4 protein chains.
Amino acid sequence: MIGKYRIRTDLAMENGEKYENDDVELSGVVIRKDYNQEKDVHTTYVQIQTEHGARMMEKPIGTYVTIEAPNLTVLDEEYHREIAGELSEHLRALLPGGDEAAILVIGLGNRDITPDALGPQVVENLQITRHLVKEYGAAALGEKCARKISALVPGVMAQTGMETMEIVRGVVKETNPDVVVVIDALAARSIRRLNCTIQLTDTGISPGSGVGNYRNALNQETLKVPVIGIGVPTVVDAGTIIHDAVAELLESLEESEMDEFLGELISPSLQSMYVTPKEIDETIKRLSITISEGLNKAFLYSG
Amino acid sequence: MIGKYRIRTDLAMENGEKYENDDVELSGVVIRKDYNQEKDVHTTYVQIQTEHGARMMEKPIGTYVTIEAPNLTVLDEEYHREIAGELSEHLRALLPGGDEAAILVIGLGNRDITPDALGPQVVENLQITRHLVKEYGAAALGEKCARKISALVPGVMAQTGMETMEIVRGVVKETNPDVVVVIDALAARSIRRLNCTIQLTDTGISPGSGVGNYRNALNQETLKVPVIGIGVPTVVDAGTIIHDAVAELLESLEESEMDEFLGELISPSLQSMYVTPKEIDETIKRLSITISEGLNKAFLYSG
Amino acid sequence: MIGKYRIRTDLAMENGEKYENDDVELSGVVIRKDYNQEKDVHTTYVQIQTEHGARMMEKPIGTYVTIEAPNLTVLDEEYHREIAGELSEHLRALLPGGDEAAILVIGLGNRDITPDALGPQVVENLQITRHLVKEYGAAALGEKCARKISALVPGVMAQTGMETMEIVRGVVKETNPDVVVVIDALAARSIRRLNCTIQLTDTGISPGSGVGNYRNALNQETLKVPVIGIGVPTVVDAGTIIHDAVAELLESLEESEMDEFLGELISPSLQSMYVTPKEIDETIKRLSITISEGLNKAFLYSG
Amino acid sequence: MIGKYRIRTDLAMENGEKYENDDVELSGVVIRKDYNQEKDVHTTYVQIQTEHGARMMEKPIGTYVTIEAPNLTVLDEEYHREIAGELSEHLRALLPGGDEAAILVIGLGNRDITPDALGPQVVENLQITRHLVKEYGAAALGEKCARKISALVPGVMAQTGMETMEIVRGVVKETNPDVVVVIDALAARSIRRLNCTIQLTDTGISPGSGVGNYRNALNQETLKVPVIGIGVPTVVDAGTIIHDAVAELLESLEESEMDEFLGELISPSLQSMYVTPKEIDETIKRLSITISEGLNKAFLYSG
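Worth saying up front: this structure is predicted, and the values here are computed from it rather than measured.

Trainee: What is the right way to look at the overall build of chain A in this model?
Mentor: A count of helical and extended segments in chain A gives 11 helices and nine strands. Every one of the 303 residues in chain A was classed for burial, and the buried ones make up 61%. A fraction of 75% describes how many contacts in chain A between residues 6 or more apart in sequence connect residues 24 or more apart. Summing over all exposed atoms, chain A offers an accessible surface of approximately 12400 Å²; the carbon and sulfur share of this is 47%.

Trainee: I tried to follow a negative patch on the surface on my own but got confused; where do I start?
Mentor: Taken together, the side chains of B:Glu38, B:Asp76, B:Glu77, B:Glu78, B:Glu82, B:Glu293, D:Glu38, D:Asp76, D:Glu77, D:Glu78, D:Glu82 and D:Glu293 present a region of like negative charge at the surface. When residues of the negative patch are traced back to their parent elements, those giving at least two are helix H3 (77-94) of chain B together with helix H3 (77-94) of chain D. Mapping B:Glu293 onto the fold places it in helix H11 (residues 280-300).

Trainee: How do you make sense of the pairing of strand E9 (residues 273-277) of chain D when you look at a structure like this?
Mentor: Successive residues of a regular strand alternate their side chains across the two faces of the sheet. When you tally the buried positions in E9(D), you get five out of five residues, the bulk of the element. Inspection of the sheet shows strand E9 (residues 273-277) of chain A paired to E9(D) by five bridges, in the antiparallel sense. Note on E9(D): the bridge partner recorded for A:Tyr274 is D:Thr276. Relative to E9(D), strand E8 (residues 227-237) of chain D is paired through two bridges, and the arrangement is antiparallel. Opposite D:Val236, over in E9(D), you have D:Val275 as the bridge partner.

Trainee: Can you help me understand the relation of the copies chain B and chain A in this one?
Mentor: For the pair of chain copies, the relating transformation is a rotation about an axis with a translation along it. Superposition of chain B onto chain A requires a rotation of 180° combined with a translation of 0.0 Å along the rotation axis, giving an RMSD of 0.0 Å. The relationship between the two copies is best expressed as a two-fold rotation axis. Residues of chain B ranked by C-alpha distance from the rotation axis are headed by B:Gly170, positioned 2.0 Å from it. In this assembly the copies share their binding face: 100% of the residues contributing to the interface of chain B also contribute to that of chain A.

Trainee: Whenever I open this one, the interface of chain B and chain A confuses me. Can you help?
Mentor: For an interface, size is often stated in terms of accessible area lost upon the parts coming together. If you look at the interface, chain B gives 29 residues, while chain A gives 29 residues. Contact between chain B and chain A buries roughly 2200 Å² in total, counting both sides, with carbon and sulfur atoms accounting for 51%. Sorting the residues of chain B by area buried against chain A places B:Met162, B:Glu166 and B:Glu174 first, and these three jointly supply 25% of that buried surface. Taken together, chain B and chain A are joined by eight salt bridges. Scanning the region where chain B abuts chain A turns up 12 residue pairs in polar contact (both at pLDDT 80 or more).

Trainee: When you look at the environment of C:Asn176 in this model, what are you seeing that I'm missing?
Mentor: Residues and elements named next belong to chain C. Mapped onto the elements, Asn 176 comes out in the loop between helix H7 (164-175) and strand E6 (179-188). Using a relative accessible area of 55% as the deciding quantity, one classes Asn 176 as exposed. Taking the C-alpha atoms as reference points, Asn 176 and Met 162, 14 residues apart in sequence, are found 21 Å from one another.

Trainee: Where do I start with the packing of H7(C) against helix H7 (residues 164-175) of chain D in this structure?
Mentor: Where H7(C) meets H7(D), the closest approach of the two axes is 7 Å, and the angle between their N-to-C directions is 120°. When the axes of H7(C) and H7(D) are compared, the pair comes out oblique. Seen along the crossing, H7(C) lies across H7(D) with a hand that is right-handed. Contacts between H7(C) and H7(D) involve C:Glu166, C:Ile167, C:Arg169, C:Gly170, C:Val171, C:Lys173, C:Glu174 and C:Thr175 from the former and D:Glu166, D:Ile167, D:Arg169, D:Gly170, D:Val171, D:Lys173, D:Glu174 and D:Thr175 from the latter. Looking at the contact of H7(C) with H7(D) residue by residue, the class counts come to four nonpolar, four polar and eight charged.

Trainee: What should I look at first to understand the packing of aromatic side chains in this one?
Mentor: Remark: the centre distance and the inter-plane angle together describe each pair of aromatic rings, the angle taken between the planes. According to the stated counting rule, one finds zero aromatic pairs over all chains in the structure shown. For B:Arg32, the ring lying beneath its charged end belongs to B:Tyr45, and the centroid distance is 4.1 Å.

Trainee: It is not clear to me how the nonpolar core should be interpreted in this structure. Could you clarify?
Mentor: Where a protein is soluble and globular, its nonpolar side chains tend to be buried together. Counting residues in hydrophobic clusters, the biggest one holds 38 residues, and the most contacted among them are C:Val105, C:Ile230, C:Leu295 and C:Phe299. The contact partners of C:Ile230, leaving out residues within four places of it in the chain, are C:Leu87, C:Leu91, C:Val181, C:Val182, C:Ile183, C:Asp184, C:Ile198, C:Gln199, C:Leu200, C:Ile291 and C:Leu295.

Trainee: Explanation requested: helix H3 (residues 77-94) of chain C in the structure shown.
Mentor: One full turn of an α-helix is made of 3.6 residues, so residues set three or four places apart face in the same direction. Taking 1.5 Å of rise per residue, the 18 residues of H3(C) would be expected to cover 26 Å, and the 26 Å separating its terminal C-alpha atoms lies within 8% of that figure. Three or more residues of H3(C) are buried, namely C:Tyr79, C:His80, C:Ile83, C:Ala84, C:Gly85, C:Glu86, C:Leu87, C:Ser88, C:His90, C:Leu91 and C:Leu94.

Trainee: Help me understand the side chain of B:Arg130, please; the structure alone is not making it clear to me.
Mentor: With respect to the helices, strands and loops of the structure, B:Arg130 is situated in helix H5 (residues 130-136). Beyond its immediate sequence surroundings of up to four residues, B:Arg130 is in contact with A:Gly161, A:Met162, A:Glu163, A:Glu166, B:Lys148, B:Ile149, B:Ser150 and B:Thr175.

Trainee: Help me understand helix H7 (residues 164-175) of chain A, please; the structure alone is not making it clear to me.
Mentor: All names here are of chain A. Given a rise of 1.5 Å per residue, 12 residues ought to cover 16 Å, and the 16 Å separating the end C-alpha atoms of H7 matches this to within 8%. The buried count for H7 comes to 10 of 12 residues, which makes it a mostly enclosed element. Within H7, burial applies to Thr 164, Met 165, Glu 166, Ile 167, Val 168, Gly 170, Val 171, Val 172, Glu 174 and Thr 175. In the segment just after H7, Asn 176 is the residue with positive phi, at about 50°.

Trainee: I keep staring at unusual backbone geometry and nothing clicks. Help me out?
Mentor: Trans is the common state for peptide bonds, and a negative phi is the common state for residues other than glycine. Here A:Glu58, not a glycine, exhibits a phi torsion of approximately 55°, which is positive. Along the chain, the position of A:Glu58 falls in the loop between helix H2 (51-57) and strand E3 (62-68). You can call A:Glu58 partly exposed: its relative accessible area is 32%. The phi angle at B:Asp40 is positive, at roughly 55°, despite the residue not being glycine.

Trainee: What's the story with a positive patch on the surface in this structure? I'm lost.
Mentor: Together, A:Arg81, A:Lys297, C:Arg81 and C:Lys297 make up a region of like positive charge exposed at the surface. Looking at the element boundaries, C:Lys297 is found in helix H11 (residues 280-300).

Trainee: Explain the confidence of the model for chain A here, please?
Mentor: Residue and element names in this part refer to chain A. When pLDDT is averaged along chain A, the result is 83, and 83% of the positions lie at 70 or above. Here helix H10 (residues 255-265) stands out as the least confident element of chain A, with mean pLDDT 62; H7 is the most confident, with 97. What the predictor reports for the complex is a pTM of 0.86 with an ipTM of 0.87.

Trainee: Sorry, what's going on with the pairing of strand E3 (residues 62-68) of chain C here?
Mentor: All names here are of chain C. The element E3 is largely enclosed, with a buried count of seven among its seven residues. Of the two faces of E3, the one carrying Gly 62, Tyr 64, Thr 66 and Glu 68 and the one carrying Thr 63, Val 65 and Ile 67 are both buried. Pairing analysis gives seven bridges linking strand E2 (residues 41-48) to E3, with the strands arranged antiparallel. Looking at the pairing, Thr 43 lines up with Ile 67 of E3. Sheet topology places E3 next to strand E7 (residues 197-201); five bridges connect them, and they run antiparallel. Bridging across to E7, Ile 67 finds its partner in Ile 198.

Trainee: What's the story with the pattern of salt bridges in this structure? I'm lost.
Mentor: Side chains that carry opposite charge are capable of pairing whenever their charged atoms lie near each other. Evaluated as defined, the whole model comprises 48 salt bridges over all chains. A:Glu174 is the partner of B:Arg169 in a salt bridge, and the nearest nitrogen-oxygen pair spans 2.6 Å. Remark: A:Glu174 occurs in helix H7 and B:Arg169 occurs in helix H7 (residues 164-175); the pair is interchain, linking two chains. Judged by relative accessible area, which is 17%, A:Glu174 ranks as buried. Between D:Glu166 and C:Lys134 there is a salt bridge, and its shortest N-O distance comes to 3.8 Å. With one member in each of two chains, D:Glu166 in helix H7 and C:Lys134 in helix H5 (residues 130-136) form a pair that bridges those chains. Each of A:Glu14, A:Glu17, A:Glu68, A:Arg192 and A:Arg193 takes part in a single network of salt bridges with overlapping partners.

Trainee: What should I look at first to understand the environment of B:His90 in this one?
Mentor: One can find B:His90 in helix H3. For B:His90, a relative accessible area of 14% translates into the label buried.

Trainee: Even after reading the chapter, I still don't get the environment of B:Ala54, so can you show me in this structure?
Mentor: Residue and element names in this part refer to chain B. Relative to the elements of secondary structure, Ala 54 occurs in helix H2 (residues 51-57). Since its relative accessible area comes to 11%, Ala 54 is described here as buried. Those residues in contact with Ala 54 that sit more than four places away from it in its chain are Ile 48, Lys 59, Pro 60 and Ile 61.

What counts and what doesn't
Residues numbered from 1 in each chain as written. Chains lettered and ligands numbered in written order. Predicted model: local features only at pLDDT ≥ 70, side-chain atom pairs only at ≥ 80, totals over all residues. Heavy atoms only, no water. Helix = DSSP H or I, 4+ residues; strand = E, 2+ residues; numbered from the N terminus. Buried < 20%, exposed > 50% of the residue type's maximum accessible area, 1.4 Å probe, protein only. Contact = heavy atoms within 4.5 Å. Areas by Shrake-Rupley, 256 points an atom, 1.4 Å probe, with all protein chains shown as cover. Patch = residues over 30% accessible without salt bridge, like charges linked within 9 Å, V, L, I, M, F, W, Y side chains within 5 Å. Salt bridge = Lys/Arg side-chain N within 4 Å of Asp/Glu carboxyl O. Lys, Arg positive; Asp, Glu negative; His and termini not counted. Charge placed at Lys NZ, Arg CZ, Asp CG, Glu CD. Pairing = 2+ DSSP bridges. Least-squares fit on C-alpha atoms with pLDDT ≥ 70 in both. Buried area = accessible area lost by both parts, 1.4 Å probe. Polar contact = N/O pair within 3.5 Å; in protein donor to acceptor, adjacent residues only side chain to side chain. Axes fitted to C-alpha atoms, helices over the stretch in contact; angles between N-to-C directions. Parallel < 35°, antiparallel > 145°, perpendicular 65-115°, else oblique. Left-handed = near helix turned anticlockwise from the far one by under 90°. Nonpolar A, V, L, I, M, F, W, Y, C, P; charged D, E, K, R; others polar. Phe/Tyr/Trp six-rings, centres within 6.5 Å; stacked < 30°, edge-to-face > 60°. Lys NZ or Arg CZ within 6 Å of the ring centre and 35° of its normal. Core = buried A, V, L, I, M, F, W, Y, C linked by side-chain atoms within 4.5 Å. Expected span 1.5 Å × (residues − 1). pLDDT = per-residue confidence, 0-100.

Here it is as structure tokens:
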């Protein structure tokens, strides 16, 4: 991290990158990387194991898996299906409960603001089974396993007047799922990760994360059941973009002047702006289908 | 009621009309009618006071107010505003709690099927205040009174896998409103009442009512707080239309043949059909704005 | 045809059915039927060859191919793909011009009224190539053939103030396509044909047909290039439904009374109503994808 | 203008600002400014009179009126109505033809990408009269004047395969309007002008302008009738934002190093990004209503 401007990212792996060129020892954090050349997919596993690691990474203790698949931004159905398969496998590894588990999927975000609509759109494409299994038994799903999938799009506070936490907690208490899966649009630091990166984590979602900024965490502590967060970065803060462009440029300048420069650079009027690719609407639609497919696969087909 | 086909209507006043030409005494039911010539608005007050009345009317004990305003189907902003005012007054008369009441509005129905989208669209136009009052106090609303308005669009069972009742009860328990107001699209018997009739009732909504057919009632008994239902008929069952057309025709025939005729007339393939005006999309949009205005007025402005 | 009420249908094959039980000789009309048992698809070929035939059938001289595929109303991707293939073959047989033809597709109807939105939605899913072929040559399309596909959604007269004919004729003159393909939502007589029947014709579209009722024909005579019409019935007139229900019932009554009965039966207030299946929104979305696939296949892949 | 990076703006007044601190004499350009303190509205009149002026301003010869009304971004119906009134007056001043003129409104842009959807949304709210006047005469409009308003949303080239110019020219030739009014979303240089600035010009629209970048001008020369362009900036290029932030910062540095710095700063990956306010969807909806109201007023009410 150069200077004092706090770069915002919801990707644990990007927080890890801050330290790559430093001599700082990142104790309490284990980072492992995989590359699948055939599919051109980078997978990063971040394990934050201690409070010290959590402070360094600015993220809660837990596991974070990030799939970077640059071709997700192009229209290639087969490739999307492959990534849906990858997502499904990682999700299964994090999912507690067996083939009979009851899973509540929460689609966070505002369905009317495209870069924030990922959660609502994923829920739209999801196969919902809880009511069928309850009414007709596992047999209703044929050869599929009998997971009871339910889903809710709670809306955002300006629409509901309620904290997302209040709504979700009420529904969790009433319907008793074994696990909650939360889908959300995220902010990344790097433009090239927009719309082609999927992060899974067993830490749920944290205050201040997501495009819409939540005030209460949705996690095992607050909901009393395991909470898995799945997110895709769809925006970069405008301030971040300027920061990075300038930081690169100024590396040749004296270190001492830099902080001052950068502090002045991020004007307040930029802070309610988002940078987003021009074709964001179609991209969101495609991504939400990929994630739904991954979820459908993970939830409904065993083996 | 002619024959044995059970005509479906969610309007209490239409159930009352069944007996108009009969000698049956409707004990336990009080019906009063008003007509405002200037506005061309008929208002019908139905009070169902006893279990006997409830059986006769096929509706729960309680109060039902119906506003019939034929001009609601035309584009006339000022007229819509006037009806919003009428709605506001009737709603105030039913609303428990004073100017500081916490009100949870539930927009029932499926936002993707136009004739069923009234509830979700009303919520879209609603002024939400609960989060503001909680954070900044009553002063946040300026001269308006300090009612804490929150709202939820729970979706339908095929989308959520959960009974609407489960979702609403969970959120009610968690957020403790003083009253719940439920908005829903209804089925009428008469084509001429489509999209120009608003029914308010203190009985909430009943199983089998609405375009989407709920299985659990949302009322004071199930939610433990008062529940007000507000609905507009947006569909007529296709079977009902045929029934009525034929019934009229056959009045000259022998009574004995009639039942048999009518039973054969309503084919099963008609039962998943709805009859709807061609311009239903725009009509729903306008109606939802009228109702929201009525709610905003009733909730936020005292006196 | 029973009685004097003029049953409305845009399907030539349904006009043919009127005469099935009569002794009338349908001279000037050739009707041939095929049934594919494996796919459960009925195909009807109607050739109207003379003016006399045109009067009897209430449709212009020309060829009409109707594909009835009951399973189109269920969600079965593979089946939809098969029907897209059928559509593609029939369309190729009607399409003039070779692999280099320039084709203008017109999506008729109102995108905001679901049962009328088929045309606009088909255009949304269409692969557009004209600008690419013009800029980069046939090679731009890879192994695909080099048809120049363009498309327009003209809107309806209430939105544009212009006859659809004026808009289309202007664009045809300016861009010189070899053939125009017009997509439209139709009215059927039979409920069981709704959303599962596709009609192709080389006669374009006629005044008064479609859900929205056009006043000017779009055909070779008016546009000076061949015009192919593709339509799916998405509505049945409410009057038609009552007519048919009652006609069946009254067959046992005296013929003489019948006409009178039926004339009274169709009330004017029914005439701006449409009967539509409850799940029309999703159905329209699926159908439009099937038709687009058929068009994409017919236009872009040779052999 | 600092450095060699070409700042993109569609606002003539912003091109004028480039020279404000320079000693360059802007011959052939007349700029006049007005300020209405009560409404907090700045109005700028730019007249480009010579070819030299056109080169300096990077805009065609003609008149440009820019209304800056910062409060347009907040929800204040009355204020929106006032600005609609201002827009109406400026538009009347530019409109050729009297109260009987035929006006074709073209809504440019892509309705599915919010920052580009201004044109299509304006057309949605427009009062269309051409078909009524043609059918029923001027009397059809009551006390309103008898302008014949028609409108078209041509779509973008990726959707149609046709140049916007081809479509519009075909429709103009066929329907013979007296004047064409083109609505488009623009790019601004300054973030604070986003969504609160309206530019009117009698030069139509130019290649490379708008969010979507057209290749052919729509103007009197190409369409053979007067063309008025109305636009609102809804995006700022991400590159522009960085440029401006850094330029400000570097003013204290040596002039000679600056060009080099800035050239490196605008990375290619930024070029397909747009910066847009988070609440862009609602903002676009409100703006389109304001502009439609202005157009309706200018077109339909005389005096």
